[in-house]
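# Working through the structure, step by step
What follows is each chain in one-letter form.
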Amino acid sequence: MEIMATGRRADFDSVVHPSAFNRESESEPPSTRGRGPEAFYASALWLRSAFAELRFDVDHVVVEGDLAVVHTIMRGRQVGPFVVYDERGAVAQVFAPTGRTFAVKQSHWLRVEEGRVIEHWANRDDLGQAVQLGWVPPTPLSLVRNAWAKRAVRKNALR
């Protein structure tokens, strides 16, 4: 969990299996949809591009066989646009930065093979995060800010 918030690319090699798959990557950038440490690192960079002071406070860890479950509170402050992608990898939604902080409960499920993570999926309080960041309920101003942020992300993607 710590390397998602602050780890370097090389840190991912030591804990992520070369064949690892992140089941949560379906709404993330295309660079996260591959396998192995590079894809997991891309997920970390995606989160860090939107959230400063990112950290995961671990409350509980349960291990049974090759499965580990980590109950965390993800914390951060939104400083950049949070971009959600569709199944084709195109920009689907952009939430403009609000500068607000958040703290949301999550559980991460990790299957381990050869001492490294080979599969990940999660349960997250996305609605709680959206409310804390001011994305929900949308205001007329937030809708305009999000539309402008989406336009800027798409324009930068064409460069």
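Here we summarise the structure given alongside this text. None of these values were measured; they are calculated from a predicted model.

Definitions and cut-offs
Residues numbered from 1 in each chain as written. Predicted model: local features only at pLDDT ≥ 70, side-chain atom pairs only at ≥ 80, totals over all residues. Heavy atoms only, no water. Phe/Tyr/Trp six-rings, centres within 6.5 Å; stacked < 30°, edge-to-face > 60°. Helix = DSSP H or I, 4+ residues; strand = E, 2+ residues; numbered from the N terminus. Buried < 20%, exposed > 50% of the residue type's maximum accessible area, 1.4 Å probe, protein only. Expected span 1.5 Å × (residues − 1). Arc of directions from axis to C-beta. Contact = heavy atoms within 4.5 Å. Core = buried A, V, L, I, M, F, W, Y, C linked by side-chain atoms within 4.5 Å. Pairing = 2+ DSSP bridges. Axes fitted to C-alpha atoms, helices over the stretch in contact; angles between N-to-C directions.

## Details of the packing of aromatic side chains
This model, assessed by the stated rule, comprises 7 aromatic pairs. Aromatic pair Phe 82 and Trp 135: ring centres 5.5 Å apart, planes at 20 degrees, arrangement stacked. Of the two residues, Phe 82 is situated in strand β4 (residues 82-85) and Trp 135 in the loop between α4 (126-132) and α5 (140-157); the sequence distance between them amounts to 53 residues. On the basis of relative accessibility, which here comes to 9%, the residue Trp 135 falls in the buried class. Every member of this aromatic cluster is reached through a ring pair, and the members are Trp 46, Phe 51, Phe 82, Phe 95, Phe 102 and Trp 135.

## Quick word on α5
In this model, α5 (18 residues) spans 26 Å end to end at C-alpha, consistent with the 26 Å of a helix rising 1.5 Å per residue. The set of residues buried in α5 consists of Ser 142, Asn 146, Ala 149 and Val 153. For α5, the buried positions fall inside an angular range of 65 degrees around the axis, keeping them on one side. Away from its buried face, by an angle of more than 90 degrees, α5 presents the exposed residues Pro 140, Leu 141, Leu 143, Trp 148, Arg 151 and Lys 155. Tucked inside the fold, the buried residues of α5 contact β4 and β5 (91-95).

## Observations concerning the nonpolar core
One finds Phe 12, Leu 47, Phe 51, Leu 54, Met 74 and Phe 82 to be the most contacted residues of the largest nonpolar core, which totals 32 residues. At 6 residues, helix α3 (residues 37-50) tops the list of elements feeding residues into this core. When neighbours within four sequence positions are excluded, Met 74 is seen to be in contact with Leu 47, Phe 51, Leu 54, Arg 55, Phe 56, Phe 102, Ala 103, Val 104 and Gln 106.

## Some details on the sheet that holds strand β3 (residues 67-78)
Read from one edge of the open sheet, 5 strands run β1-β7-β6-β3-β2, paired in mixed fashion. Across the chains shown, the open sheet's two edge strands, defined by having one partner strand only, are β1 (16-22) and β2 (51-64). The mean angle between the axes of side-by-side strands here comes to 25 degrees, regardless of whether they run parallel or antiparallel. Where β1 lies against strand β7 (residues 116-124), 3 bridges are found, and the strand directions are parallel. The partner of Phe 21 across the bridge, within β7, is Glu 119. Lying on the sheet, α3 is in contact with β1, β2, β3 and β7; it crosses β1 at an angle near 55 degrees.

## Observations regarding the pairing of β5
Here 4 bridges tie β4 to β5, and the two strands are oriented antiparallel to one another. Residue pairing across strands places Val 84 opposite Gln 93, the latter belonging to β5. In this structure, the hairpin formed by β4 and β5 is closed by a connection of 5 residues, where Gly 89 is found at a positive phi of approximately 90 degrees.

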